[in-house]
Each structure stands twice: as C-alpha cells, then as structure tokens.
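The chain contents come next:
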Amino acid sequence: MTDRTQNTMWGGRFAAGPDAIMEAINASIGFDRRLHAQDIAGSRAHAAMLAAQGIISDKDATAIREGLLTVLSEIEGGNFVFSTALEDIHMNVEARLKEVIGEPAGRLHTARSRNDQVATDFRLWVRDQADAAIVGLVALQKALLRQAEAGADWVMPGFTHLQTAQPVTWGHHMMAYVEMFGRDAGRFADARARMNECPLGAAALAGTSFPIDRHATAEALGFDRPMANSLDAVSDRDFALEFLAAASITAMHLSRFAEELVIWSSAQFRFVALSDRFSTGSSIMPQKKNPDAAELIRAKIGRIMGANVALMMVMKGLPLAYSKDMQEDKEQVFDAADTLMLALAAMEGMVRDMTANRASLEAAAASGFSTATDLADWLVRALGLPFRDAHHVTGSLVALAEKKGCDLPELSLDEMKSAHPGITQEVYSVLGVHNSVASRQSYGGTAPDQVRAQVARWKERLG
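The structure contained in this document is the topic of the report that follows. What you see is a predicted model; the values in this text were computed from it and never measured.

## So, the overall build of the protein
Argument step 1. Check the secondary structure of the protein and you find 18 helices and 6 strands.
Argument step 2. Taken over the C-alpha trace, the protein has a radius of gyration of 31 Å; the compact-globule value for 463 residues is 23 Å, which it surpasses by more than 25%.
Argument step 3. The buried share of the protein, reckoned over its 463 residues, is 49%.
Argument step 4. Accessible area of the protein: about 21400 Å², with a carbon and sulfur share of 54%.
Argument step 5. Of the charged side chains in the protein, 46 are positive and 57 negative, and the gap between their average positions amounts to 1 Å.

This is how it looks when you write it as structure tokens:
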C-alpha cells in the first residue's frame, strides 16, 4: 500500500493543512474503524443503485464493488493501514479504494455526503447490536427458566426492605427476572423497528438533484424504507439514544440481580453457591470465595448509564442539521454495547452454573414470622374479621412469639386464643411455609402450579 496520510478532500478551499492539534481533535478513525463492514456494505449498495439509475457506468460499478471487497478483505485480515490524517473510516476506505481501482473510485461519492453515509453506517451497526442484545437476553432467560423449573416448589423468603415478608418459591423469584429481561428484549425489538429506516440518499442535508432510488438502497441494506425527511435523516440519533435507554434499563435489572447474588452467596445467607468459573479467592484469606463477576457487573453498569447521559448531552443543544459535535456519538455507544454484551454473558454463565441451597432457603423462609399474613388472611376467612382487625390480632401474636423467642407455629392454641377466642386448631394448617406458598394460587402468584405454568408459557415463547 502507498502512503495515504495527506487528506486532499478539502480541495482548493484551504491553502494549508490542519496542524497536529486540529488533526487530533478532528479525527475519529481511532474508534469509527469499527464501522468498516457497515461502511463498505453501504457503499456497495450505493454504487449498485447509481449504476441501475444510469448515474455511473456498469463498468465503474463493477470495479467499485470488487475494489470494496478487496478493501474489506484487507481490513478483516489485519493488513490495512489506517491513517489519522484521513480522519474517519469513510475517507480511509475511499482513499484505499482509489489506490486499488484508480479513477472509478472518485465516482462512488456521487449523490451522497459523509453526513448520510455515517448516519447509515452507525444505524446499521446499532441495529446489529440490538439484535445481539436480544440474543443475549434470551440466553439469560433460558438459564433462569432452568433454575425456575428445577426449584418450582422450593420455598424461600420473599423480602421487602430486605426483611422477611412472605414465603415464596425459588422458581417464582427466578421467573421475576425472566419477566424483566423479557421486557428488556421487547424494548430492543421496539427500538430496532423504529430505527429500521435508511438515511442513505439524504446527502448533506437537502437531498440530491441526481435521480437516485432511495427505496432500492434501503431494501438492499435490509431497511424497511428510506427516511422521509433529509434534514432528519442526517441529524437524527434517536436510534442510538433508544438503544442506550434500553441498554440502561437492562443494565439496571442486571445490577439488581447481581446485588442479590452477592448477598445470597455470602456466608450469612448461603442461599446459592456460585461456580469457581465466576468467583475468585483472596490473596490473604484462604476461606474466601468472592462473587467478583457479580460485583463487576454491578460496577460496569454505570458505564452504560453514563453513555446514555453523555449522548443526550451531546444532542440536546444541536440545531438542524449536522454538527461536528455528532462525531462524539459513537465511542460511548460502542463502549456501552461492549459492556452490555459482556455483562449479559457473565450473568448467563453465573445463572447457568449456580447451585441453590434448598435447605438454607427453606430454613430462612420459615424465619422472621413469614406466615403472619397467612394468619391474618385466615382470621378474615374463618372468623369473618375485618382485615384491619385481623392485622391487629396477628400483630399481637407476633409480639408474643417474639417475646417467647419462637415462631408463630410454635405458639400453643391457648396462646393463640389469648389474642382472639375464636381461633381454632385449624389455624395451624396455614402457618407452614409450604402451605403458605401453595395457597397463593392467584394468577402470577408464587404457588408451584402457577410457577410451572409460567415456565411452560415462557419455554413455548422462547422456543
């Protein structure tokens, strides 16, 4: 390859080239080289359309197509020399194309601008990332479904304020995250549907006087249609913001689950054991097994949320159409996408490999007066008490059990009657944790039958 360090794109407008500082702040090739496949795909579609419309010759279009494949092969083979002086991926590809095929390369840029070119490249890249995120989420959901199915009737404490509230099942807890990640996948799918319009052909901002066929290039690149307004086409970054918004909500869900895994794997809880593949030891304390993967997911999530805010700040004050500020739209999206995929893969691996400690879960489920609500419900059903009165009676029994250092089922019938004389032996049938979860038969409840029904629904949905 010959030396392509001098950018002559500006022609006669400037007598001198940019100095080193301007070159450094202006160049984006250090990060937008990741768009090379999308850039070349867009150029191939554009060249084919120009030939079909009679704007360039078939001979030139063939040379451009074959030359672009050569450039793609060089980049993917690691044999391409990127030049900062050429600023971005578009100029690097075009300059190398000229070296490969000569004069026909100059016709490729007919009826387009770098403005619609980069908007197309970036949209294609983000679309691919939305697809990848959905694949990652589905894999995580399937790992959660396996856990839920195995432990559909395993009891554990359900928490509010991280205090024991009511017994639930392990399967029910796992299915809560299946639902969350399902909504996340839906958000990516919704964003993908909205972003699937093609900016190519909008040119710099006003469209072009050449008789182009924007529907043809949109179809060739897998878009549903061309964007309907050329100003919007080159200045829109909603697609990236929507991707980051969906990624941020997914990240929040990942972080919540990571926090639970950190707590559950501690010696104080012992609810789960994480595999050695996703844990590390201590340099000084030989007994330690640290949930580092979960902690790192919890920490890395900030990068995704930060990227969302950063791009919003870039875009918030920009008049139409294109401004150079928008060059700052990619690095944070690239980093957020990489971080999201890593976090999804790590979480899927942890969930797939982790072992729930059924005995610890059940022991914890029975502590903390977790069946107090079941007692209150029984008082309403069996004795006809208003719920507020039943709540008061139950509270007095909880206080008595706490004073005695025992749980509710360990109170004698006489002690129960001291709170309300109508209480009978039947009350003990609702106080066991297994009885409690089995009774929660309302749709979406924690009863094992309900959990298994939801598992079956999601297995059919995910395939």
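Having seen it, we continue.
## Some words on the environment of Ser83
Argument step 1. Within the secondary structure, Ser83 sits in the loop between α4 (58–76) and α5 (89–101).
Argument step 2. The buried category is assigned to Ser83, whose relative accessible area is 8%.
Argument step 3. Along the sequence, Ser83 and Ile29 sit 54 residues apart, while their C-alpha atoms lie 7.4 Å from each other.
Argument step 4. A distance of 3.3 Å separates a polar side-chain atom of Ser83 from the backbone nitrogen of Ala85.

## Notes on the packing of helix α10 (residues 238–264) against helix α11 (residues 292–315)
Argument step 1. Orientation of α10 relative to α11, taken along the N-to-C sense of each, is 160°, at an axis distance of 8 Å. Here α10 lies roughly antiparallel to α11, going by the angle between them. Crossing geometry of α10 relative to α11 is assigned as left-handed.
Argument step 2. Class assignment of the residues belonging to the contact of α10 with α11 gives a composition of 20 nonpolar, 3 polar and 3 charged.

Rules and cut-offs
- Residues numbered from 1 in each chain as written.
- Predicted model: local features only at pLDDT ≥ 70, side-chain atom pairs only at ≥ 80, totals over all residues.
- Heavy atoms only, no water.
- Helix = DSSP H or I, 4+ residues; strand = E, 2+ residues; numbered from the N terminus.
- Rg over C-alpha atoms; globule rule 2.2 N^0.38 Å.
- Buried < 20%, exposed > 50% of the residue type's maximum accessible area, 1.4 Å probe, protein only.
- Areas by Shrake-Rupley, 256 points an atom, 1.4 Å probe, with all protein chains shown as cover.
- Lys, Arg positive; Asp, Glu negative; His and termini not counted.
- Charge placed at Lys NZ, Arg CZ, Asp CG, Glu CD.
- Polar contact = N/O pair within 3.5 Å; in protein donor to acceptor, adjacent residues only side chain to side chain.
- Axes fitted to C-alpha atoms, helices over the stretch in contact; angles between N-to-C directions.
- Parallel < 35°, antiparallel > 145°, perpendicular 65-115°, else oblique.
- Left-handed = near helix turned anticlockwise from the far one by under 90°.
- Nonpolar A, V, L, I, M, F, W, Y, C, P; charged D, E, K, R; others polar.

Everything listed here is a matter of coordinates, which is why it stays silent on function.
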